[in-house]
Amino acid sequence: MLDLPLVARGKVREVYDAGADRLLLVASDRISAYDHVLPTPIPDKGRVLTALSVWWFEQLTPVLDEFGAGHHLLSVTDVPAEVAGRAMLVRRLTMLPVECVARGYLSGSGTVEYSRTGSIRDVPLPAGLVEGSRLPEPVFTPSTKAEVGEHDEAIDFAAVVGLVGQARAEELRELTLALYRRGAEIALDAGIVLADTKVEFGLSTEGRLTLGDEVLTPDSSRFWPAVTWSPGAAQPSYDKQYVRDWLTSSGWDRVSPPPELPDDVVAATRERYVTAYEQLTGRRFA
Ligand SMILES: CCOC(=O)Cn1cc(-c2ncnc(N)c2C#N)cn1
């Protein structure tokens, strides 16, 4: 355990108090599937996803600049040795109470909502879309942060206005969609469909809108292999499909504590994270 005060613990990450206006975001090697944290870690997952977030912060800085916004990353080297490579020293922000989700494709809860209403939230969509369909335009589908262990609650744009005001709500929507568009474009060039993503923003001590949290990782986004993309059924997850398929084949009931993963599934899943990083960034994962 780090000798820093723990601020928050998520399924696969922790946030520590790193002193004067700083936090330490630590990514673990834990993996979650079907809303359960699995008992078997995926070696290097934390390091790969941290390296990916750092790279995305670099790639998305021009988009942030267009909006006069910043990001919270300060350092990945000025961190305790025991978490080196899987920790980000970040600026402490006043987080805005909105999970900013952008969807470029129809999937999961989006498909359910669409099949009932022909739209997602307050955004009408054309008829005939199916699971996995690319949307005509990316859609902003915010939610409020749930308590740890609960599901985030979908809210509409009016509710965002109620939380942060009209101007800020519009800024969050436009910036979230701009970040998603740029990320989706870069990802598709690398053979990965970025189906959707969740980003979080806060205000810096100077009152500047600042991108926080992790960015465009397989934990905060749906990554699908572009080569297998085929609307009409659930798309295979780029990184979690081996785990999901093995869990299903194992007969696990998805309620009792999940079983340990076999070594080959662990190794194949680690390889998917490393490959995603190397394909996206063009850099070797050390
Ligand atoms: C364990 C998982 O929980 C979270 O990451 C959510 N969270 C974000 C913060 C935060 N708070 C102030 N400033 C920031 N820069 C951040 C960030 N990122 C706290 N919890």
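Predicted model only: the values in this text are computed from it and were never measured.

1. A few points about the pairing of strand β16 (residues 192-199)
- Among the 8 residues that make up β16, 8 are buried, leaving the element largely enclosed by the rest of the structure.
- Inspection of the sheet shows strand β10 (residues 100-105) paired to β16 by 4 bridges, in the antiparallel sense. Each bridged residue has a counterpart across the sheet, and for Arg-103 the counterpart in β16 is Asp-196.
- Relative to strand β19 (residues 221-225), β16 runs antiparallel, the two sharing 5 bridges. If you follow Val-193 over to β19, its bridge partner there is Trp-224.

2. Observations concerning the packing of helix α1 (residues 45-66) against helix α6 (residues 263-281)
- The geometry of α1 relative to α6 is characterised by a closest axis approach of 9 Å and an angle of 20° between their N-to-C directions. Classified by the interaxial angle, the pair formed by α1 and α6 is roughly parallel. In the crossing of α1 with α6, the sense of the turn from one axis to the other is left-handed. Taking contact as the criterion, the partners of Lys-45, Val-48, Leu-49, Ala-51, Leu-52, Trp-55 and Trp-56 in α1 are, on α6, Tyr-273, Val-274, Tyr-277, Leu-280 and Thr-281.

3. Looking at the domain arrangement of the chain
- The domain architecture assigned to the chain consists of domain 1 (6-93 + 244-279) and domain 2 (95-228).
- Between the C-alpha centres of domain 1 and domain 2 the distance comes to 19 Å.
- Across the boundary between the two partners, domain 1 contributes 30 residues, which contact 34 residues of domain 2.
- Between domain 1 and domain 2, the buried area comes to about 2700 Å², and carbon and sulfur atoms account for 64% of it.
- When the buried surface of domain 1 facing domain 2 is broken down by residue, Trp-56, Phe-67 and Leu-93 rank first, second and third, together holding 25% of it.
- Viewed at the interface, domain 2 and domain 1 are joined by 4 salt bridges.

4. Section: the nonpolar core
- Counting residues in each nonpolar core, the largest one holds 67 residues, and the members touching the most others are Trp-56, Leu-172, Phe-201 and Leu-280.
- Excluding residues that lie within four positions of it along the chain, Leu-172 makes contacts with Leu-96, Val-98, Cys-100, Phe-140, Val-160, Val-164, Phe-201 and Leu-209.
- Formed by 8 residues, the second largest nonpolar core is a distinct cluster that contains Tyr-16, Val-26, Val-83 and Leu-89.

5. A look at the confidence of the model for the chain
- Of the residues in the chain, 100% have a pLDDT of 70 or more, and the chain-wide mean is 97.
- Within the chain, the element-level pLDDT minimum falls on strand β15 (residues 153-154), averaging 92, and the maximum on strand β18 (residues 209-211), averaging 99.

6. Observations regarding the site of the ligand
- The full set close to the ligand counts 14 residues, and Gly-10, His-72, Arg-91, Leu-93 and Asp-213 are the nearest of them.
- His-72 is positioned with one of its side-chain polar atoms (N or O) 2.9 Å from a nitrogen atom of the ligand.
- Asp-213 is positioned such that a nitrogen or oxygen atom in its backbone is 3.0 Å from a nitrogen atom of the ligand.
- Burial of the ligand by the protein amounts to 85% of the accessible area it has alone, namely 470 Å².
- For the shell around the ligand, the secondary structure elements donating two or more residues are β1 (6-9), β2 (13-17), β3 (22-27) and β8 (87-91).
- Considering only residue class, the shell around the ligand consists of 7 nonpolar, 2 polar and 5 charged.

7. Here we look at helix α3 (residues 157-164)
- Among the residues of α3, Phe-157, Val-160 and Val-164 are the ones counted as buried. Viewed along the axis of α3, the buried residues span an arc of 50°, placing them on a single side of the element. In α3, those exposed residues whose orientation departs by more than 90 degrees from the buried face are Ala-158 and Gly-162.
- Those residues of α3 that are buried are in contact with β13 (134-140) and α4 (166-189).

8. Quick notes on the packing of aromatic side chains
- Using the criterion set out here, one finds 5 aromatic pairs in the structure.
- Each ring, one from Tyr-277 and one from Phe-285, has its centre 6.1 Å from the other, and the planes form 80°; the classification is edge-to-face.
- Overall, Tyr-277 belongs to the buried group, its relative accessible area being 6%.
- Taken together, the ring pairs in this structure connect Tyr-105, Trp-224 and Trp-229 into an aromatic cluster.
- Lying over the aromatic face of Phe-157, Arg-173 brings its terminal NZ or CZ to 4.1 Å of the ring centre.

Rules and cut-offs
- Residues numbered from 1 in each chain as written.
- Predicted model: local features only at pLDDT ≥ 70, side-chain atom pairs only at ≥ 80, totals over all residues.
- Heavy atoms only, no water.
- Buried < 20%, exposed > 50% of the residue type's maximum accessible area, 1.4 Å probe, protein only.
- Helix = DSSP H or I, 4+ residues; strand = E, 2+ residues; numbered from the N terminus.
- Pairing = 2+ DSSP bridges.
- Axes fitted to C-alpha atoms, helices over the stretch in contact; angles between N-to-C directions.
- Parallel < 35°, antiparallel > 145°, perpendicular 65-115°, else oblique.
- Left-handed = near helix turned anticlockwise from the far one by under 90°.
- Contact = heavy atoms within 4.5 Å.
- Domains from an automatic or database assignment.
- Buried area = accessible area lost by both parts, 1.4 Å probe.
- Salt bridge = Lys/Arg side-chain N within 4 Å of Asp/Glu carboxyl O.
- Core = buried A, V, L, I, M, F, W, Y, C linked by side-chain atoms within 4.5 Å.
- pLDDT = per-residue confidence, 0-100.
- Near = heavy atom within 4 Å.
- Polar contact = N/O pair within 3.5 Å; in protein donor to acceptor, adjacent residues only side chain to side chain.
- Areas by Shrake-Rupley, 256 points an atom, 1.4 Å probe, with all protein chains shown as cover.
- Nonpolar A, V, L, I, M, F, W, Y, C, P; charged D, E, K, R; others polar.
- Arc of directions from axis to C-beta.
- Phe/Tyr/Trp six-rings, centres within 6.5 Å; stacked < 30°, edge-to-face > 60°.
- Lys NZ or Arg CZ within 6 Å of the ring centre and 35° of its normal.

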